[in-house]
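For reference, the chains in residue letters:
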Amino acid sequence: MNSEPDVVIVGAGAAGISAAMALAGHGLDIVVIEALDRTGGRGWTRKTRAGPLDLGCGWLHSADRNPWVGIAERSGFEVVRGPTAWGSQFQDLGFSPEEQRSVREESSALFERLSRWPPASDRASDALDPHGRWTAWLQAKSGFGNGDELERISARDYVAYESSSTNHNWRVSSGYGTLISSSMPQGVDVHLNTPLQSLGLSWRRIEIGTPVGVLYPRTVIITVSTDALSSDAIAWPQEFDPWREAAHKLPLGNNEKLFLEIVGRSDFQAETYVVGNPRDPATGSYYIRPLDMPVVECFLGGAGARRAEQEGAQAAFDAALAQLRSLFGHRACKCLKPLVSSDWAGTAPIGGGYSHALPTHAEARDKLASSLDARVFFAGEATHATDFSTAHGAFESGRRAALAVIESLRCP
Ligand SMILES: Cc1cc2nc3c(=O)[nH]c(=O)nc-3n(C[C@H](O)[C@H](O)[C@H](O)COP(=O)(O)OP(=O)(O)OC[C@H]3O[C@@H](n4cnc5c(N)ncnc54)[C@H](O)[C@@H]3O)c2cc1C
């Protein structure tokens, strides 16, 4: 590895890979260091006997303007364009049509209050209807979307995401994680199992400490998650304090996935969906036979994901099976066997699901996206003002940082 490259990119997730894509072809010496033994970060497709399963991002959200769609198509990946099965409870199991209508109304009313009459506290829960019937479901939904309950969500941040999302949700048949990790450009010097341990700044140079030696790049792009940036696992320089304070205000929520394999014959219908229990804020959300694969994908957010992390994978599978049995019956669920689950909170270099702004701190995203001395640049999903928490937001942030690096290297 060249110890004096033009650019070091820290982290090989969607943002780091996108930065490498934008820098490649500019005649620059680029080194990527990644703590894990694989690229992709929170984009991770596990190849299983049931098919390619995304443990992290799976949906190309805002797909009609998502740059990964074009990348996929140019690279020969099959993009499966909607519709999704969300929002319609299979055979209205445990959730009557009247209740589903009433949930939709309460959810729209919450969004209207958040956007038109935002609470002075900026705390999203302050816009809940105190007489609402479906607060538990709205909290569960916040868990899926934000990774945390509405008490800890900035109303401004919430509205920023929802207003810019286009509601087109597509998929890549071989997995979003496969697409992301295979997009690292050829010829970029990528070092896996190589965590950044320390970063030193002097007026003359940047020092990147790793287990295999010190690098002295002209510029650096940091793409680690907000939890990694705010933790003390890396020896950061004092100059980073304002960025680390911003990261504290944008913590990762909790989001996990479990996949149950459908073994043998079953009546589970492809591309159908159920909410486990809309009266339980920790409920799982179940996508049945996505893309016709023999699995049920259980998505957990907020309280549900925290419980799974605390109690462990076996207990989480048991809880998911209990919810499915209560809807489909014991007999129908006999064919379901635990297959694979995520553990994002326990994956040390990442630490959770995706970022959300704490009340009154939506502006921290702008701080996190700013550069230091035109030598240190920050990217990653949390730095995007509207598309945070997504792989396309991470992509755009990586490209933004790379273009700023090119500009800065042109004008020393
Ligand atoms: C369960 C779940 C479901 C999701 N679903 C969707 C979805 O459907 N659609 C969507 O768009 N998004 C989804 N997301 C979010 C999406 O996956 C992320 O927003 C996106 O992948 C983040 O990319 P990133 O590059 O910003 O960060 P990361 O992917 O976290 O990349 C940062 C990289 O930095 C590395 N790193 C950390 N510390 C160090 C260090 N010291 N040295 C070197 N490397 C380090 C990490 O290992 C990691 O690889 C989901 C996420 C989860 C967890």
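Higher on the page you've got the structure.
Undergrad: What am I meant to see in the sheet that holds strand β17 (residues 376-378) here?
TA: Two modes of strand pairing occur in sheets, parallel and antiparallel, and in both the strands are linked by backbone hydrogen bonds. As summarised here, the arrangement of the five strands in space is β7-β2-β1-β11-β17, forming an open sheet in which the pairing is parallel. This sheet does not close on itself; its edge strands, each paired only once, are β7 (189-191) and β17. Direction aside, the axes of adjacent strands within the sheet are offset by 20 degrees on average. Pairing analysis gives four bridges linking strand β1 (residues 7-10) to strand β2 (residues 30-33), with the strands arranged parallel. When the bridges of β2 are listed, Ile9 appears paired with Val32. The strands touched by helix α1 (residues 14-23) are β1, β2 and β11 (219-222); relative to β1, the strand with the most contacts, the crossing angle is about 155 degrees.

Undergrad: What is the right way to read the packing of aromatic side chains from this model?
TA: Two measures describe an aromatic ring pair: the distance that separates the ring centres and the angle between the ring planes. Summed over the entire model, instances satisfying the criterion amount to 14 aromatic pairs. Plain terms: the ring middles of Trp59 and Tyr287 are 5.6 Å apart, the flat faces sit at 55 degrees to each other, and that makes the pair tilted. Taken together, the residues Trp59 in the loop between β4 (51-54) and α2 (67-74) and Tyr287 in strand β14 (residues 285-288) connect sequence positions 228 residues apart. According to the relative accessible area criterion, Trp59 is buried, its value standing at 16%. Of the residues examined, Tyr287 reaches a relative accessible area of 4% and is grouped as buried. A centroid spacing of 5.7 Å and a plane angle of 50 degrees characterise the contact between Tyr161 and Phe388, whose relative ring orientation is tilted. A residue pair is termed long-range when its members are at least 10 positions apart, and Tyr161 in helix α5 (residues 155-164) and Phe388 in the loop between β17 and α12 (391-410) qualify at 227 residues. Taken individually, Tyr161 and Phe388 each receive the classification buried, so the pair is uniform in this respect.

Each value, and the rule that gives it
- Residues numbered from 1 in each chain as written.
- Predicted model: local features only at pLDDT ≥ 70, side-chain atom pairs only at ≥ 80, totals over all residues.
- Heavy atoms only, no water.
- Pairing = 2+ DSSP bridges.
- Helix = DSSP H or I, 4+ residues; strand = E, 2+ residues; numbered from the N terminus.
- Axes fitted to C-alpha atoms, helices over the stretch in contact; angles between N-to-C directions.
- Contact = heavy atoms within 4.5 Å.
- Phe/Tyr/Trp six-rings, centres within 6.5 Å; stacked < 30°, edge-to-face > 60°.
- Buried < 20%, exposed > 50% of the residue type's maximum accessible area, 1.4 Å probe, protein only.

Purely spatial values, then, with no claim about function.
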